[in-house]
Amino acid sequence: MKDESSATGPGSITAGFALGALGVLAFSLSLPMTRVAVQQIDPWFVAFGRAVGAAALAGAYLLATRAPRPARDQWRRLSIVALGVVVGFPLFTSLALTTQTSAHGAVVITVLPAMTAVFAVLRAGERPPLAFWAASSAGLLAVIAFLVTTGAVSGALNPADLFLLAAVILCGLGYAEGGALARSLGGARTICWALLLSLPVTIPVTIVAAAATPPHADFGAWSSFAYLTAVSMFLGFFAWYAGLARGGIARVGQIQLAQPVLTLAWSALLLGESVSPASIAAAAVVLACVFLTQRTRRQRPSSEPGKAAIAQS
């Protein structure tokens, strides 16, 4: 398969966009599912237990594909990925959503695409043009305006928002580092090795959390936990990191602008809430901004080693 990580033609943009969109679709249910799970299961168990379960799936995948071990420098970068997306984001969102709704969380998570773009510059050497930043900012403002004006969130910042902000910062770092590493390691192997690398932390915390507060929940809570384990923490990253590697971290990361709107849409479907005309209008604006970010010319990072592995992600 031909490498497309640095290409600027329509084909490579379509591949990166499609994979990124699939990842965002998978992640759009993460906050609602976390909200359901932590109502009956200890948030520490939800955050770390799902990582342990996903690590079991990752180990099976790596064995089945006979994946080679990462190089020494890749292990260091994998630790950053693990800190951001395996430990940091799940933990802080679980803690926040014990007292806040997923709709409220969607407001704070709106800044994640911008944070991902910032770390794409700092960690992956990307240099998006001014037009990209303009389209990205417009999309960010559109989502915030939609969520605030439709009453999806109310009230001032509270301690839960600090958890959400910490989650956003660490997740943006993990996305950018993982997307850059996926150029050489492959998207699937990047998240798999990060999950296994996290086991010395995730297993003890899961055991302690289960001993302190034995998990007892109904089918809905356990189903949500299963989704977080198999999709949010595992399969979603296969597509997401592959999309970031192919289409550019900053550019493909902007697809996340649609995630808060998707999150509210899922909440409407699950809770039977109506979708207002404002929702449709906001979605149209966001999609237009995402389209514009995809049309800006991608500037190649200063270093893109080992591109061939992208074909294996």
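One can find the structure itself at the top, above this paragraph.
Worth saying up front: this structure is predicted, and the values here are computed from it rather than measured. (Residues numbered from 1 in each chain as written. Predicted model: local features only at pLDDT ≥ 70, side-chain atom pairs only at ≥ 80, totals over all residues. Heavy atoms only, no water.)

A. Focus on the environment of G248. Topologically, G248 is positioned in the loop between α11 (219-247) and α12 (249-253). A relative accessible area of 0% means that G248 is categorised as buried. Sequence separation of G248 and F17 is 231 residues, and the distance between their C-alpha atoms is 9.5 Å. (Helix = DSSP H or I, 4+ residues; strand = E, 2+ residues; numbered from the N terminus. Buried < 20%, exposed > 50% of the residue type's maximum accessible area, 1.4 Å probe, protein only.)

B. Summary view of helix α10 (residues 199-212). The end-to-end C-alpha distance of α10 is 19 Å, a good match for the 20 Å that 14 residues give at a rise of 1.5 Å each. Taken together, the buried positions of α10 are T202, T206 and A209. Buried residues in α10, looked at end-on, bunch into an arc of 70°, giving them a common side. Exposed residues pointing more than 90 degrees away from the buried face of α10 are listed as P200, I207, V208, A211 and A212. Its buried side turned inward, α10 meets α3 (43-65) and α4 (72-96). (Expected span 1.5 Å × (residues − 1). Arc of directions from axis to C-beta. Contact = heavy atoms within 4.5 Å.)

C. Geometry of α4. Taking 1.5 Å per residue as the helical rise, α4 with its 25 residues ought to reach 36 Å, and the 35 Å between its terminal C-alpha atoms agrees with that figure. Along α4, the largest kink reaches about 40° and is centred on G88; proline P90 follows within four residues of it. By the criterion of burial, α4 is predominantly enclosed, with 18 of the 25 residues buried. (Bend = angle between axes of the 7 residues up to and from the residue.)

D. Quick look at the packing of helix α2 (residues 30-38) against helix α5 (residues 102-109). As a packed pair, α2 and α5 sit with axes 9 Å apart at the nearest point and diverge in direction by 140°. By the angle class used here, α2 and α5 are oblique. Judged by the twist between their axes, the crossing of α2 over α5 is right-handed. Each of L31, P32 and R35 in α2 lies in contact with α5, whose residues at this interface are S102, G105, A106 and I109. Taken together, the residues of the contact of α2 with α5 break down into four nonpolar, two polar and one charged. (Axes fitted to C-alpha atoms, helices over the stretch in contact; angles between N-to-C directions. Parallel < 35°, antiparallel > 145°, perpendicular 65-115°, else oblique. Left-handed = near helix turned anticlockwise from the far one by under 90°. Nonpolar A, V, L, I, M, F, W, Y, C, P; charged D, E, K, R; others polar.)

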